[in-house]
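Residue-level structure breakdown
Here's the letter readout for the chains.
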Amino acid sequence: MRILVAFLSVLVLLQSTQAQSNYSIQGKVINQQGEPIQGASVVLLNGVKGTVTDGMGAFTLLVSKTGTYTLAISSIGYAEKLMTVIAGTASTTLNIILTPSSQVLDELLVSAEKQDEKLQKVASAITTIPARQIREYRLWDIREISGIVPNLYSANSGDYRNVTSVRGITTTSYEQAVATYIDGVNQFSLDTYIPQLLDVERIEILRGPQGTLYGRNAMGGVISIITKKPTNKTDLYAEATIGNYNQQRYMLALKTPLIKDKLFIGAAGLFEKRNGYYTNAFTGQDFDAQQRFMGNYYLSYVPSARFSATLNVKHSHNANQGAFPLNADKTSALEEPFLLNQNAIATMNDNVLNTSLVLKYNSGAVRFQSISAWQSNSRIYDAPIDGDFSTLDAIAIVNDYGNSFNKVKVFTQEFRFQSRDLQEQKIRWNAGLFFFHQDNPTRQGTYFGKDAPLLGLPDSEFTIISNNLGKNIGASAYGQLNWSLTEKLELIGGLRFDYEQRKLTVSGEYEKAGNSFPTQEDTSATANFTAISPKAGLQFSFTTERMMYLIYSRGYRAGGFTSLGSDPSQPPLAPYDPEFSNNIELGWKQSWDNQRYRLNANLFYTFVNSVQTPTLILPDAITVIRNAGKLNSKGAELEFAASPVKGVELVLNGGLTDATYTELTIPKDGQAVDLSGNKQIFTPAYTAMGVAQYSYPISSKIRLSARVEVRLFGKQYFDLANSISQDAYNLLHARVGATLGKADFYVWMRNLANTTFIAYGYDFGGVHLGNPRTFGATASIRL
């Protein structure tokens, strides 16, 4: 941190002593009737500064160089607009007309390639969900984008560690296959990221391997969440929700300048709770009640048009009163939905802290960005948690061993260097360095109670304790080049090199009646892994609104070691290698009729070598990973959005995936079992979504709206043997309400038909159901 503070001081000194030639971009934002729009946001893409319009709709932005720039203009109730402007030796004055969002589509903005760009100009399959749609979809958790995004499926077993699959590339261990970034910070593992959505500006989902720019664990894609930042406008937002299952959700967000154009603060807080969906027959009470508090805080300093510094703190605490609401098998789960029988009752206290410092500096020739982040997580059971999922006092899991254990800590540092963001440049480049250090000390006990002999154990009332102390470091360098060969044809090329060192130290203990002795002396293993991730492609633009692309990309998932568990037949420290995915994609993007229609489609083929196959070892829930096969995945995707007539919005998204193991051999009962030809897990054969929304203005300040959406999921499997499956099913959601000036009131319903379906399954047979029918009302106001 001292280095970063010193670095910040040097940059401030440099920018304060450097003579600058600033040019202004001035304009006025109005509606279709010519009336000024006050408080509209005007942002210079890839700049360090933005502004808001005054009471006359006017704004001024300073840039340090002449050239062509892109502005993003947005205001509540209007479609976002992207505009190209030229800053010259004289001041540039603009007249910008915004159209209501009920009449045209948003011109979507993405930062998928680590710089702000128009969605329709990026040669990649990307879904963008802006803030307005986040509210309309009623997205509270990132897993709820399942079905919205073609060929994406995300779920968890009740512990809120989401397993996400994109195009058949799926998370099968704590090493993710789909990386998550929040405000540009790599959420390093399933333990250290916050899946709940709070005060979010937009969500971007990149499908296909993204190894060149994002590195480790982006072999299936990347989910990027961008939260709202403070600006010159003082903004207060409050929201309250009530619903069935005693659902309560309260949100408050405030953003304001402390010094206009220079110093800004922002804070957002969320409290939510609900009763459990499951009933525990053993106690007669609900099982999986939730209570969460989380916050997001900003302090941003922008002394000039060249430099900015932003400090961000995010935290979350969740008291999960039933972290694993599982039925022992599919049959019992479907015959008696949301009923289980467990005698060991515990609350999992899940605490996450993420902090980051982002420095941006534009020298005029090169844009520089430093992202320093610290992440920590602890998930502690306040009592032994049920490990046999029954009323027997047979197996329970203990992990409360003090502050020295079961607390993951990660430091990451990224330096980005980018070419000037001027559209007339024929060559645009993007390069960077990335470093991480992870400390993961775990200590977990498996307690065998008085009923353990009923499960075939020769002893009872003892605990086997496993210690796994992991320390991992890594570094990488990457670069990508976009070269405009002609006005229509662009060449894309990139390369990344990753190095990672993993060290795991294990030891074991046997404990009974207060006495203990070692079962595994301290043993360590170290391994080094490397990966090269190239990217190559062509992009051809027929017009400014129609293009096609052909891209090859590669991604990888990190290798590692098997942890120590209570099962002596599974030796620890067995290494497994990285897993690599290679993807070829042909895509088409088009919008027409003045942003009233948009169509994006693609075909893809992915092949994966050294597939990491998981086997869950009970009762500790230790996942043993082996490189045991090859996987081919192919399919197609389509995203269509339209605003055909005033007040009507239609969305149709869909994807097909055929993900099949061409080679797969796993051990079972001492023998090798050939599962070649089986389907990939957590991968529906198809996903689809249709949305119809109608809004009707009663007056200039009152608008009514109604919305219905249906999401469809094809058959999928939850184990490599393909013995646990969920047939195709549909989910129906609806929303009706009104906007009254700066206030909104809506009634919403999810899973309206109360469809019962398996959302998550383990290879030992345990399954977790998706949420039942829920409904509620949400009121919000913005001042």
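Everything below is about the structure printed above this text.
The present account deals with the structure reproduced in this document. Since the structure is predicted, the reported quantities are computational estimates derived from the model, not experimental observations.

**Some thoughts on the sheet that holds strand β6 (residues 81–87)**
One open sheet holds the four strands; their spatial order is β3-β2-β5-β6, and the pairing between them is antiparallel. Strands at the two margins of the open sheet, each flanked by one partner only, are β3 (50–52) and β6. Averaged over all neighbouring strand pairs, the angle between strand axes comes to 25 degrees, with direction disregarded.

**Re the environment of T519**
Structurally, the position occupied by T519 is in strand β34 (residues 515–543). Judged by its relative accessible area of 48%, T519 is partly exposed. With residues near it in sequence (within four places) discarded, T519 still touches G508, E509 and Y510. At 3.4 Å, the side chain of T519 forms a polar contact with the backbone nitrogen of E509.

**Some points on the environment of T412**
Here T412 shows up in strand β30 (residues 407–419). Using a relative accessible area of 4% as the deciding quantity, one classes T412 as buried. Counting along the chain gives 324 residues from T412 to V736, while the straight-line C-alpha distance between them is 43 Å. If we ignore the near neighbours within four places in the chain, the residues touching T412 are F188, I371, S372, A373, Q375, F434, F435 and F436.

**Section: the packing of aromatic side chains**
Any two aromatic rings considered together are summarised by their centre-to-centre distance and by the angle between their planes. Enumeration over the complete set of coordinates arrives at 24 aromatic pairs. Between Y605 and F607 the ring centres are 6.1 Å apart and the planes differ by 40 degrees, which places this aromatic pair in the tilted class. On the accessibility criterion, Y605 (33% relative accessible area) is partly exposed. Residue F607 is classed as partly exposed on the basis of its relative accessible area of 28%. Members of the aromatic cluster, joined through ring pairs, are F389, F682, F718, Y760, Y762 and F764. Sitting above the plane of the Y214 ring, K114 keeps its charged end 4.9 Å from the centroid. Over the face of the ring belonging to Y401 we find R443, whose NZ or CZ atom lies 4.7 Å from the ring centre.

**What about a nonpolar patch on the surface?**
Together, F417, I427, W429, L433, L481, W483, L485, L491 and L538 line one region of the surface with nonpolar side chains, adding up to about 730 Å² of accessible area. Elements with a minimum of two residues in the nonpolar patch: β31 (427–448) and β32 (462–484). Relative to the assigned elements, L491 resides in strand β33 (residues 489–512).

**As for the pattern of salt bridges**
Across all of its chains, the model carries 44 salt bridges by this definition. One salt bridge connects E239 with R249, and the closest N-O pair in it is separated by 3.2 Å. On the criterion of sequence distance, the pair formed by E239 in strand β18 (residues 235–243) and R249 in strand β19 (residues 247–259) is long-range, its members being 10 residues apart. A relative accessible area of 3% means that R249 is categorised as buried.

**Quick notes on the environment of N771**
Locating N771 in the fold gives a position in the loop between β52 (767–769) and β53 (774–782). Setting aside its immediate chain neighbours within four residues, N771 contacts R143, Y277, F338, N751 and F757.

**Focus on the pairing of strand β35 (residues 546–557)**
As judged from the eight bridges shared by β34 and β35, these two strands associate in the antiparallel manner. Considered in β35, the bridge of G537 is made with I551. Linking β34 back to β35 in an antiparallel pair, the connection comprises two residues. When β35 meets strand β38 (residues 579–592), the two strands line up antiparallel, connected through 12 bridges. Bridge pairing in β38 places I551 opposite E585.

**Examining the sheet that holds strand β21 (residues 279–280)**
Taken in spatial order, the three strands of this open sheet run β22-β21-β25, and their pairing is mixed. Here the strands that pair on one side only, and so sit at the sheet edges, are β22 (285–286) and β25 (339–340). Examined bridge by bridge, β21 and β22 share two bridges and lie antiparallel to one another. Looking across to β22, one finds that T279 is bridged to D286.

**Examining unusual backbone geometry**
The phi dihedral of D183 falls on the positive side, at around 55 degrees, and the residue is not glycine. Among the secondary structure elements, D183 is positioned in the loop between β14 (178–182) and β15 (185–187). A positive phi angle, near 55 degrees, is found at D593, a position not held by glycine. Here D593 shows up in the loop between β38 and β39 (597–609). The class for D593 is partly exposed, based on a relative accessible area of 36%.

Definitions and cut-offs
- The residue count restarts for each chain, going from 1 along the sequence in the order it is written.
- In keeping with the model being predicted, local features are shown solely for residues with a pLDDT of at least 70 and side-chain atom pairs are shown and tallied solely at 80 or more, while totals for entire chains, interfaces and linings include all residues.
- With hydrogens and water excluded, all non-hydrogen atoms of the structure serve as input to the side-chain values.
- Strands qualify as paired when DSSP identifies two bridges or more between them.
- Secondary structure elements are taken from DSSP: a helix is a run of H or I of four residues or more, a strand is a run of E of two residues or more, and numbering for both begins at the N terminus.
- In this analysis, axes come from line fits to C-alpha atoms, helices being fitted only over the stretch in contact, and the angle between any two N-to-C directions falls in the range 0 to 180 degrees.
- For each residue, the accessible area found with a 1.4 Å probe, counting protein chains only, is set against the maximum for its type, and the residue is called buried under 20%, exposed over 50%, and partly exposed in between.
- By definition in these notes, contact holds between two residues if any of their heavy atoms fall within 4.5 Å.
- Here a polar contact is recorded for every N or O atom pair within 3.5 Å, except that within protein the pair must consist of a potential hydrogen donor and a potential acceptor, and residues adjacent in sequence are included only if both atoms are side-chain atoms.
- Pairing of aromatic side chains requires ring centres within 6.5 Å, counting the rings of Phe and Tyr and the six-membered ring of Trp. Pairs whose planes differ by under 30 degrees are stacked, by over 60 edge-to-face, and all others tilted.
- Whether a charge lies above a ring is judged from NZ of Lys or CZ of Arg, which has to be within 6 Å of the ring centre and within 35 degrees of the ring normal.
- Patch definition: residues with relative accessible area over 30% and no salt bridge; like charges joined within 9 Å; nonpolar side chains (Val, Leu, Ile, Met, Phe, Trp, Tyr) joined within 5 Å.
- We get accessible surface area from the Shrake-Rupley algorithm with a probe of 1.4 Å; when it comes to residues, only the shown protein chains can shield them.
- One side-chain nitrogen of Lys or Arg within 4 Å of one carboxyl oxygen of Asp or Glu is enough to make a salt bridge.

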